[in-house]
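Report on the structure
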Amino acid sequence: MSSRSSSSAPISGLPESALGAMATPGPSPLESVPAGARLADGQAMDLALDPAPEPAPDQGLAGLAEAVSRRRNFAIISHPDAGKTTLTEKLLLYGGAIQQAGAVKAKGEQRKVTSDWMELEKQRGISITSTVLQFDYAGSTINLLDTPGHQDFSEDTYRTLAAADNAVMLEDAAKGLEPQTRKLFEVCRMRQIPIFTFINKMDRPGREPLELIDEIEKELKLACWPVNWPIGSGDRFRGVIDRRSKQVILFARAERGKQSVERSLAWDDPDLAQLVEPDLLALALEELELLDGAGADLDLELVHGGELSPVFFGSAMTNFGVRPFLDAFLELAQKPVARQSSQGAIDPLRPGFSGFVFKLQANMDPRHRDRVAFVRVCSGKFEKDMTVQHARTGRSIRLSRPQKLFGQDREVVEDAYPGDVIGLNNPGMFAIGDTLYVGPRIEYEGIPCFSPEIFSWLRNPNPSAFKSFRKGVNELREEGAVQVLYDTDQSKRDPILAAVGQLQLEVVQYRLEHEYGVETRLEPLGFTVARWVIGGWPALETVGRIFNCKTVRDAWDRPVLLFKNQWNLNQLSEDHPDLQLGAVAPVVSGVEPIAL
């Protein structure tokens, strides 16, 4: 089998500059808010300004190390319809986090899935937001970062992968590698995230297992080590053989939504002849001999370096192979690791707490119209009511109501450790990429945003609803679900929505109507490429008049040029070689964003 190449191709649809640059979407500055201020929905604000104390050196270091060793953090990447949300539900089921798994395309009395909390997700049977699901299993604490499966939400998935220590690449056994899987794999490769492969839907007609493995190795240049091997496929799928324990794990179909009944026997147990067709078992053992003959070993160092992928076979819908995968994953997965920052690599056992915001979400609780900042804990111990420094603004903030997240459900959390994700109420103070810390100043690498490809005016036909329209647009912009641009003509107040995919625009319209009570109208603009002007307005004024593009402002009053196609962009570059353009927004700090 081939070994992984050190080189990697650029991600399809993602500018190379977006991979190398680590620019954050422009943040909104921290406002000075007096202690005891109230949120608009009547909830007490959880942020108060206080001086930040120095961490107590080495206090509870043994407890911190033990807590870190129990943490496992991962995200699932896949092409739409590969079964990602179904696998997520079954992992929760086996982890004891839920008692009955939901069907993704729920109808009638079927349960809705835990990870798809937004009403539109339930209606369409797709994942269009990221959420976090934390649960305990076999002495470990697992943080599962659920990501959108739809390709229009690649940017949200990219941000979530910035917070992940491991990734599970999910494949459809019939389709093999698909475009979205390849794109997200390249993101994992760039970040050197360990990749575990789960080949799903083995209970349906599909391709040969050896063919699927060979495709991964050749196309992704990623070496594979099957941890288990399937016995049969389609309606003759009987279970898997664990290569390490030499155990055959047989499955019986479970009641819908329940854990499957498993039976384990040694691979040479004579009773197997009565339970599995001899031809199926013989073929599986013959293929295992071929794999063993390849001479590859399961090397954890290569796994954690993202160069070797442990492979598992199963069927999430019918529960085949889910528990063996979860058990092996906990054993092989990477624990929380050091993160790069302005002060170099920050070890998880660093005594002082630190973390970064990788996602913002509005209206997870429709009753309170709340906004939540998702923070990945990177070092030290987080404690309720602790005071932290906000790296971007230099302010001190007391965090009094941190929340443990489980899909839409939340509860107040007393403490958290590296690898965990906590939710903080966000009254406009946090931006994606913000670093929070205690002790010496650090700032983690930012999270780049994609260059949008679809642009539309967002019209509000009802002037009496402008207040709600403005609130909705501003809060959804904070999330980063879409980028918001403005015409340079001050008389044109309607915002321009800029997105990677059309579904992002539809989701904004849906949420404005159902969460803010505003019906809107979209008017497409004929542009497909956006570039930020390096050097800002002065650089643009130096060039003078330009043609075949439209100049707009982003939410932080930076010039953005919109082009109808790549040819127009190339033409401008030839005409004005001194004008530097970027596919990623420059880093900005301390600038108030434009609001409607």
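See the structure shown above.
Residues numbered from 1 in each chain as written. Predicted model: local features only at pLDDT ≥ 70, side-chain atom pairs only at ≥ 80, totals over all residues. Heavy atoms only, no water.

1. Considering the overall build of the protein
The following threshold applies: Each helix corresponds to a stretch of at least 4 residues labelled H or I by DSSP, and each strand to a stretch of at least 2 residues labelled E; elements are numbered beginning at the N terminus. Under the scheme applied here, a residue whose accessible area is under 20% of the maximum for its type counts as buried, over 50% as exposed, and between as partly exposed, the area being computed with a 1.4 Å probe on protein chains only. Residue contacts are defined here by distance: any two heavy atoms, one from each residue, within 4.5 Å place the two residues in contact. Per-residue and other accessible areas follow the Shrake-Rupley method at a 1.4 Å probe size, with only the shown protein chains counted as cover for residues.
Each helix and strand in the protein was counted, giving 15 helices and 32 strands. Sorting the 596 residues of the protein into buried and exposed places 59% on the buried side. In the protein, the share of contacts with a sequence separation of at least 24, taken over all contacts with a separation of at least 6, comes to 73%. Within the structure as shown, the protein displays about 23,600 Å² of accessible surface, and the carbon and sulfur contribution to it stands at 48%.

2. Here we look at the sheet that holds strand β26 (residues 483–487)
So the rule is basically this: The criterion for strand pairing is that DSSP finds at least two bridges linking the strands in question. Axes here refer to lines fitted to C-alpha atoms; in helices the fit is confined to the stretch in contact. Angles between the N-to-C directions go from 0 to 180 degrees.
Spatial ordering of the open sheet is given by β28-β25-β27-β26-β30-β31-β29-β32, a layout of eight strands whose pairing is antiparallel. Bordering the open sheet on either side are β28 (521–524) and β32 (581–582), each of which pairs with just one other strand. Pairing analysis gives three bridges linking β26 to strand β27 (residues 496–499), with the strands arranged antiparallel. In the strand pairing of β27, valine 484 is matched with leucine 497. Taken strand by strand, helix α13 (residues 502–516) contacts β25 (454–459), β27 and β28, and its axis lies near 20° from that of β25.

3. Observations regarding the packing of aromatic side chains
Definition in use: Centres within 6.5 Å are what make two rings of Phe, Tyr or Trp a pair, Trp counting through its six-membered ring; a difference in plane orientation under 30 degrees is then read as stacked, over 60 as edge-to-face, and the rest as tilted. Over a ring means this: the NZ of a Lys or the CZ of an Arg is within 6 Å of the ring centre and within 35 degrees of the ring normal.
Inspection of the entire model under this criterion finds 11 aromatic pairs. With 4.9 Å between their ring centres and 70° between their planes, phenylalanine 196 and phenylalanine 329 make a pair best called edge-to-face. Of this pair, phenylalanine 196 sits in strand β6 (residues 195–200) while phenylalanine 329 sits in helix α11 (residues 322–332); the two residues are 133 residues apart in sequence, bridging distant segments of the chain. Comparing phenylalanine 196 with phenylalanine 329 shows no difference in burial state: the two are buried. Centroid distance phenylalanine 466 to phenylalanine 469: 6.3 Å. Interplanar angle 40°. Geometry classified as tilted. One end of the pair is phenylalanine 466 and the other is phenylalanine 469, both in helix α12 (residues 466–479) and three residues apart, which spans about a single turn. On the accessibility criterion, phenylalanine 469 (1% relative accessible area) is buried. A network of ring pairs unites the aromatic residues Phe74, Phe196, Phe198, Phe312, Phe325 and Phe329 as a single cluster. If you follow arginine 243 out to its NZ or CZ, it ends over the ring of tryptophan 225, 4.1 Å from the centre. Of note, lysine 359 hangs over the ring of phenylalanine 374, and the distance from its end group to the ring centre comes to 5.9 Å.

4. Some thoughts on helix α7 (residues 209–220)
Keep this limit in mind: Under the convention used throughout, the expected extent of a helix is 1.5 Å for every residue step, that is, one less than its residue count.
In a regular helix each residue adds 1.5 Å, so 12 residues correspond to 16 Å; α7 covers 16 Å between its end C-alpha atoms and thus fits that length. Listed in full, the buried residues belonging to α7 are Pro209, Leu212, Ile213, Glu215, Ile216, Glu217 and Leu220. Positioned one or two residues after α7, lysine 221 has a phi angle of 55°, which is positive.

5. Things to note about the environment of asparagine 200
Relative to the assigned elements, asparagine 200 resides in strand β6. Here the alpha-carbon distance between asparagine 200 and glycine 321, two residues 121 residues apart in the chain, equals 9.1 Å. For asparagine 200, the residues in contact, after removing those within four places along its chain, are Ala82, Gly83, Leu170, Glu171, Asp172, Ala173, Gly314, Ser315 and Ala316.

6. A short note on unusual backbone geometry
Positive phi, close to 75°, is recorded for asparagine 319, a residue that is not glycine. Locating asparagine 319 in the fold gives a position in the loop between β12 (308–313) and α11. For asparagine 319, a relative accessible area of 2% gives the class buried. Of note in this structure, aspartate 557 is not a glycine but carries a positive phi near 60°. Following the sequence through the fold, aspartate 557 ends up in the loop between β30 (550–554) and β31 (559–563).

7. Overview of the packing of α12 against α13
Geometry of a packed helix pair, given as the angle between the helix axes and the separation of the axes. Formally: If an angle is under 35 degrees, it is roughly parallel; if it is over 145, roughly antiparallel; if it lies from 65 to 115, roughly perpendicular; otherwise it is oblique. By convention the crossing between two helices is left-handed if the near helix lies anticlockwise of the far one by an angle smaller than a right angle, and right-handed if it lies clockwise. Side-chain classes follow a simple rule in which Ala, Val, Leu, Ile, Met, Phe, Trp, Tyr, Cys and Pro form the nonpolar group, Asp, Glu, Lys and Arg form the charged group, and the remainder, Gly included, forms the polar group.
Packing of α12 against α13 brings their axes to within 10 Å, and their N-to-C directions diverge by 125°. When the axis of α12 is compared with that of α13, the two are oblique. The crossing of α12 and α13 is right-handed. Between α12 and α13, the residues in contact are Ser468, Phe469, Lys471, Gly472, Val473, Glu475, Leu476 and Glu479 and Val508, Arg511, Leu512 and Tyr516, respectively. Here the residues of the contact of α12 with α13 sort into six nonpolar, two polar and four charged.

8. Examining the side chain of serine 315
Under the convention used in this document: Pairing of N or O atoms within 3.5 Å defines a polar contact, subject to two protein rules: one partner must be a possible hydrogen donor and the other a possible acceptor, and residues neighboring in sequence count only if both atoms are side-chain atoms.
With respect to the element layout, serine 315 can be found in the loop between β12 and α11. Looking at serine 315, the relative accessible area reads 1%, which means it is buried. At 2.8 Å, the side chain of serine 315 and the side chain of aspartate 203 are in polar contact. At 2.8 Å, the side chain of serine 315 and the side chain of threonine 318 are in polar contact. The residues contacting serine 315, other than those within four sequence positions of it, are Phe198, Asn200, Lys201, Met202, Asp203, Phe320 and Val322.

Interpretation in functional terms is not warranted from these geometric data alone.
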